[in-house]
Each structure stands twice: as structure tokens, then as C-alpha cells.
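Given next are the chains, with one letter for each unit.
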Amino acid sequence: VGVNTDGPFDVFLVAGQSNNVSGTPFSTGLDTIDADILQWTQNGYFALAQDPLDHPSRVTNGIGYAMTFARAYKAATGRRVLLVPCAQTATGFTTGHWNVGQSLYNAAVSRCNAALAAAPGSEFKGVLWHQGESDVSATGTYAASVDAIIAGFRSSITGATNVPFVAGGVADDFVTATGANGVTLQGIIADVGN
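On a predicted model such as this, the values are computed, not experimentally measured, just so you know.

Right, let's get into the pattern of salt bridges. Per the counting criterion, the structure on display carries five salt bridges. The salt bridge involving Lys74 is made with Asp36; its shortest N-O contact spans 3.3 Å. With Lys74 in helix α1 (residues 66–77) and Asp36 in the loop between β1 (10–16) and β2 (37–40), this pair connects stretches of sequence that are 38 residues apart. We classify Asp36 as partly exposed; its relative accessible area is 26%.

In C-alpha cells:
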């Protein structure tokens, strides 16, 4: 499958922690390549999007939901999709990586704006975010951190005002099994806003 970089694209940031990082595809039948779904690589060029996506880090035991989302989005809208993969393992708000102004937040904003500039006519359509285990003990601060990053992305990425923020969180059974101190995104999403 060749790479056709002619836009416009609907652009999505894929950000967060290890649960959004791509590894080896599970199924050659389901995890297919689509010429209308591209990614903006770490080196700043277009490539076909396929798992593992070109995040700053990789995992070997699973894949994130970005490619499934992109396939469903394209099927529903008929639009070409450009993913900007920026998730990284072992990071979080509490580790000093994702808060507004910190390294991974800044890199995500910069990479989204570069992708939009390289694809004239494209529109930024949303953020695909996933919580990881680093922040499960951030009781009392996680909701405020998510609020801040949503506002930051919406004000710093070109055309991102009021875009959706699709949030995935760790499963409640992970918290129960590990004895983590109670923070799951599902438990606080009502407080985060839209």
C-alpha cells in the first residue's frame, strides 16, 4: 500500500501513558493497513498508520485503541485520518511529564501543530487520551490535571477549540488487584467536564 500524503485529513492526537502505546498487532485479519489512515512520525513525516504506531516508546504485550478508532471513524465519515502518536510508557502527571508546560505535553502540542502545517486544509478533530498506572494513586489531583490538559490542548493546538477529549482509564479490577489507592478515570470523569 502506497503513501498518499494529499490531504485534507482529520487529525487526532494519541496521547497519554502505556495503555495508549502500540505493540504487536493481534490479528492480521483485523489489524489491517488502510491507505487513508496515516500517522505523523517522530521524525516529522507521513507514514501509513499501523500497529505499532510511532510513539516515543513501544510495548510488546498489547496495542492501544487508536487504530480501531481510526478505522471506525473513517468508516463512519469517509474522511482521511492522520494520527499523531505521542503516548509514552511509565509517564503521568505525577511523574512530571504530562502537566501543561512539561516535556511530553509540549512535544505533543508541537507535533500536532507541525502535522497540521504539513497537511494544508486538515482539521484537528480530537484527543485520544489514556490513563496509565503511574497516576492511579493521584487521589485529589487527577481530575484537576485532566481539566488542565484538556484546556491546554484546546488553547495550544491549532484549531482545537472545543474538540472532543476521548478518555480511557485503567480498569477498576486493576485497582482492586493491585491495591492502588482508588483513582480511575472512570471514577472521576463526571468531575472533569466535557
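Formed by 33 residues in total, the largest nonpolar core has its most connected members in Leu13, Trp98, Phe124, Trp129, Phe153 and Ile157. Residue assignment for this core shows that the elements contributing at least two residues are β1, β2, β3 (46–48), β4 (81–85), α2 (103–118), β5 (123–130) and α3 (142–156). With seven residues, α2 is the single largest residue contributor to this core. Not counting chain neighbours up to four residues away, the residues in contact with Phe153 comprise Leu13, Trp98, Tyr105, Ala108, Val109, Val127, Ala160 and Phe165.

Further remarks concern the sheet that holds β4. The six strands are arranged β3-β2-β4-β1-β5-β6 in an open sheet whose pairing can be described as mixed. With one partner strand each, in any of the chains shown, β3 and β6 (165–168) form the two edges of the open sheet. Strand-to-strand twist of the sheet, defined as the mean angle between neighbouring strand axes without regard to direction, takes the value 25°. Note: β2 against β3, three bridges, orientation antiparallel.

Taken as a whole, this structure holds nine aromatic pairs when the rule is applied. Between Phe12 and Tyr73, the ring centres sit 4.9 Å apart and the planes meet at 75°, which makes this aromatic pair edge-to-face. Separated by 61 residues along the polypeptide, Phe12 in strand β1 and Tyr73 in helix α1 bring together distant segments of the chain. Comparing Phe12 with Tyr73, the two get one shared label, buried. Of the aromatic side chains, those joined through ring pairs into one cluster are Phe93, Trp98, Trp129 and Phe165.

With twelve residues, α1 extends 16 Å between its outermost C-alpha atoms, agreeing within 8% with the 16 Å of an ideal straight helix rising 1.5 Å per residue. For α1, the full list of buried residues reads Ala66, Met67, Ala70, Arg71 and Tyr73. Along the long axis of α1, the arc covered by the buried residues comes to 165°, so they all point the same way. For α1, the exposed residues lying more than 90 degrees away from the buried face are Ala75 and Ala76.

Attention now goes to the environment of Thr94. Turning to its location among the elements, Thr94 is positioned in the loop between β4 and α2. The exposure class assigned to Thr94 is partly exposed, which follows from its relative accessible area of 47%. Along the chain, Thr94 and Tyr142 lie 48 residues apart, while their C-alpha atoms are 8.7 Å from each other.

What follows covers α2. Over its 16 residues, α2 runs 22 Å from end to end, which matches the ideal 22 Å to within 8%, given 1.5 Å per residue. All of the buried residues in α2 are Leu104, Tyr105, Ala108, Val109, Arg111, Cys112, Ala115 and Leu116. The buried residues of α2 occupy one face: seen down the axis, they fall within an arc of 165°. Each element contacted by the buried residues of α2 is listed here: β1, β2, β4, β5 and α3.

Rules and cut-offs
- Residues numbered from 1 in each chain as written.
- Predicted model: local features only at pLDDT ≥ 70, side-chain atom pairs only at ≥ 80, totals over all residues.
- Heavy atoms only, no water.
- Salt bridge = Lys/Arg side-chain N within 4 Å of Asp/Glu carboxyl O.
- Helix = DSSP H or I, 4+ residues; strand = E, 2+ residues; numbered from the N terminus.
- Buried < 20%, exposed > 50% of the residue type's maximum accessible area, 1.4 Å probe, protein only.
- Core = buried A, V, L, I, M, F, W, Y, C linked by side-chain atoms within 4.5 Å.
- Contact = heavy atoms within 4.5 Å.
- Pairing = 2+ DSSP bridges.
- Axes fitted to C-alpha atoms, helices over the stretch in contact; angles between N-to-C directions.
- Phe/Tyr/Trp six-rings, centres within 6.5 Å; stacked < 30°, edge-to-face > 60°.
- Expected span 1.5 Å × (residues − 1).
- Arc of directions from axis to C-beta.

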